[in-house]
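A closer look at the structure
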Amino acid sequence: MPEMNFLAVAPMALVFAGAVLCVLVEAFAPRRSRHTIELSISLVALAAALVLLLVRGADMHGQTFGGTVVIDGPSVILQALVVLLGGLSLVIMSERFRGRIADAFTPSGASVPGSEQEAVAERLGTTTEIFPLALFSIGGMMLFPASGDLLTMFIALEVLSMPLYVLTAIARRRRLLSQEAALKYFLLGSFSSAFFLFGAALIYGYSGSINLGAIAASMPVVDGRESLLVPGVLMILVGLLFKVGAVPFHAWTPDVYQGAPTPVTGFMAACTKVAAFGAMMRIVYVAFAGDRWDWQAVVWVVAALTMIVGSVLSVTQNDIKRLLAYSSIAHAGFILVGLMAFDAAGVSSVTFYLAAYGLATIAAFGLVMLVRSGGSEATHLGQWAGLGRRSPLVAGAMAVLLMAFAGIPLTSGFAAKFAVFAAAIGNAGLAGAVLAVIGVLCSAITAYVYFRIVVLMFFSERTDDSVLVLTPSVGTSAAITLGVVATVLLGVFPAPLLSMAADSALFLR
């Protein structure tokens, strides 16, 4: 019988249990009380999982359930990060602006926009399925970087992806755009999953195993099946690079980020990146590190293209959600630079970058949700002109986050970029130095984009009198404030988190 360490999977079990409880509440509780009950269950489940990870994380280390789940330093810290970011995202998703339904989501995804059926559903107040969907996705994200074999990793990939497809499709406003985005995300996500599976099949043909440790042990053996290895590795990486929005697998990102409900966009941008990069680190550091000379040049090219394309195309954007989408693509390239260092410094720098970027991104999309024009979100950049005079607090918070995205000193973005570039230069040789130079140049390009928005907010005349800033609930205000404060603190005092990430940088096989 395989050894089963139930403590190791307890945090994931708590999240999945919370999701199942929310499904039961959805089925049996009165409509008007579902929102409060399910939000409470979700936050309690996530809080319990986070406490367990922080308090007992060191006791969970090891392989369990027959090697399908591996709990080590990187998986514990990444799971804790997913839970924290997921909790903040869930609070923002639940925002109702004193209404009876979640503001960003349609009360009935199956009804025609503006129809009588939708009006009836809105009067009843039935937008609560977001809670179990988000919890199931968070549970999959927790399993993704802790997967010990390719099959478990694929299951985690699907568990985290399927709820996101649904969440993308149920925007309350601009419904057709939301549904189109969900369809694109689903179709392209299916293709990426197929690539992952095909790659896993090739790797099984090469090594005779889907266990990551067994795959690594098979690398020195020469038995005539070596031709299956590199294509298998590259196909698996295609499936993972799609999830982080790396070029040339980025085409879905701007459309999905623009069409999805804004809180879901922040959730995807932050949490999915943490899970996908965690899984990618486990793949390349544990299973395929012994053969990296055969495929790492391809990833170097992908990293360079991702930084360049994301930075250059962000200059041309007039919609703030699409601009942040291309910014997300550029940041994926920056993170890839640190990942390719193949050293503990690479693991710790990537972990720090994911934390800094995730906290800032969730807060930024939370602020985007507050700026309205005619009842809809004011996402066109021209509508943000003069926002600093109307709401200096919101504009000031957004300016801090944009400076962090640009990598300005004394923000978390500067510390994160410095960490990944230093890791690349110190451990990846000439290629790492070239990528670092490209990264610095691309950061300069994106700095122009971000400061253009700051100038628009504080130094431009107001052009749209219909634009207003809504007052969020205490929970949403706290989530946004935490993101902004963490952005500053991680920029001024990056050492504690970097040290914690360095102490947790060892992968188990």
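Let me begin by describing the structure that accompanies this report. (Residues numbered from 1 in each chain as written. Predicted model: local features only at pLDDT ≥ 70, side-chain atom pairs only at ≥ 80, totals over all residues. Heavy atoms only, no water.)

1. Quick notes on the environment of S161
Mapped onto the secondary structure, S161 falls in helix α6 (residues 150-169). Residue class for S161 comes out buried when judged on its relative accessible area of 1%. With 29 residues separating them in the primary sequence, S161 and S190 have C-alpha atoms 9.7 Å apart. (Helix = DSSP H or I, 4+ residues; strand = E, 2+ residues; numbered from the N terminus. Buried < 20%, exposed > 50% of the residue type's maximum accessible area, 1.4 Å probe, protein only.)

2. Looking at the pattern of salt bridges
For side chains bearing opposite charge, pairing can occur when the charged atoms are close. The final tally for this structure, using the stated rule, is 6 salt bridges. Put simply, D255 and R322 hold a salt bridge, and the shortest N to O gap is 2.9 Å. Linking D255 in helix α10 (residues 252-259) with R322 in helix α13 (residues 320-339), this pair joins segments that are 67 residues apart in sequence. Judged by its relative accessible area of 21%, D255 falls in the partly exposed class. With a relative accessible area of 19%, R322 lands in the buried category. (Salt bridge = Lys/Arg side-chain N within 4 Å of Asp/Glu carboxyl O.)

3. Focus on the sheet that holds strand β4 (residues 376-377)
Spatially, 3 strands are ordered β4-β3-β5 in an open sheet, and the strand pairing comes out antiparallel. This sheet does not close on itself; its edge strands, each paired only once, are β4 and β5 (467-469). Of the strand pairs in this sheet, strand β3 (residues 371-373) and β5 are connected by 3 bridges, and their pairing is antiparallel. The partner of S373 across the bridge, within β5, is V467. Each of β3, β4 and β5 touches helix α14 (residues 344-370); the most contacted strand, β3, lies at about 30 degrees to it. (Pairing = 2+ DSSP bridges. Contact = heavy atoms within 4.5 Å. Axes fitted to C-alpha atoms, helices over the stretch in contact; angles between N-to-C directions.)

4. Things to note about the nonpolar core
One recurring pattern in soluble globular proteins is that nonpolar side chains are buried together. In this structure, F144 and F288 are the most contacted members of the largest nonpolar core, which totals 172 residues. When residues no more than four places from it in sequence are discounted, the contact partners of F288 are I203, I215, M219, V233, I236, I283 and W295. (Core = buried A, V, L, I, M, F, W, Y, C linked by side-chain atoms within 4.5 Å.)

5. Quick notes on the environment of F186
With respect to the helices and strands, F186 occurs in helix α7 (residues 175-207). Considered as a pair, F186 and M162 are 24 residues apart in the sequence and their alpha carbons are 8.1 Å apart.

6. Side note on the packing of aromatic side chains
Inspection of the entire model under this criterion finds 16 aromatic pairs. Taken together, the aromatic side chains of Y165, Y185, F186, F242, W252, Y257 and F365 make up a single cluster linked through ring pairs. Here the basic side chain of R292 rests over the ring of F342, its NZ or CZ set 4.6 Å away from the ring centre. (Phe/Tyr/Trp six-rings, centres within 6.5 Å; stacked < 30°, edge-to-face > 60°. Lys NZ or Arg CZ within 6 Å of the ring centre and 35° of its normal.)

7. Details of helix α11 (residues 262-287)
The end-to-end C-alpha separation of α11 is 36 Å, in line with the 38 Å expected for 26 residues at 1.5 Å each. For α11, the principal kink sits at T272 and spans about 25 degrees. (Expected span 1.5 Å × (residues − 1). Bend = angle between axes of the 7 residues up to and from the residue.)

8. Some words on α13
With 20 residues, α13 ought to run about 28 Å at 1.5 Å a step, and its terminal C-alpha atoms sit 28 Å apart, in line with that. Among the 20 residues that make up α13, 20 are buried, leaving the element largely enclosed by the rest of the structure. Its side-chain oxygen at 2.9 Å from the backbone nitrogen of K321, D319 defines the N-terminal cap of α13. (Polar contact = N/O pair within 3.5 Å; in protein donor to acceptor, adjacent residues only side chain to side chain.)

9. Quick notes on the packing of α7 against α10
Two elements in contact, α7 and α10, have axes whose closest approach is 8 Å; the angle formed by their N-to-C orientations is 145 degrees. Seen from above, α7 lies across α10 with left-handed handedness. Contacts from L177, S178, A181, K184, Y185 and L188 in α7 reach W252, D255, V256, Q258 and G259 in α10. Along the lines of polarity and charge, the residues of the contact of α7 with α10 split into 6 nonpolar, 3 polar and 2 charged. (Left-handed = near helix turned anticlockwise from the far one by under 90°. Nonpolar A, V, L, I, M, F, W, Y, C, P; charged D, E, K, R; others polar.)

10. Notes on the side chain of K243
Its place among the elements puts K243 in helix α9 (residues 229-244). One polar contact links K243 to S161, side chain to side chain, over a distance of 2.8 Å. Beyond its immediate sequence surroundings of up to four residues, K243 is in contact with L157, S161, Y165, Y185, W252, T272 and A276.

11. Details of a nonpolar patch on the surface
Among the surface-exposed residues, L410, V485, V488, L489, V492 and F493 lie close enough to one another that they form a single nonpolar patch of about 530 Å² accessible area. Take V485: its relative accessible area is 40%, and that puts it in the partly exposed class. (Patch = residues over 30% accessible without salt bridge, like charges linked within 9 Å, V, L, I, M, F, W, Y side chains within 5 Å. Areas by Shrake-Rupley, 256 points an atom, 1.4 Å probe, with all protein chains shown as cover.)

12. Considerations on unusual backbone geometry
Put simply, V247 and P248 share a cis peptide bond, and its omega is 5 degrees. With respect to the element layout, P248 can be found in the loop between α9 and α10. Even without being glycine, F65 reaches a positive phi, approximately 55 degrees. Structurally, F65 can be placed in the loop between β1 (62-64) and β2 (69-71). Residue R174 is not a glycine yet carries a positive backbone phi of 50 degrees. Structurally, the position occupied by R174 is in the loop between α6 and α7.

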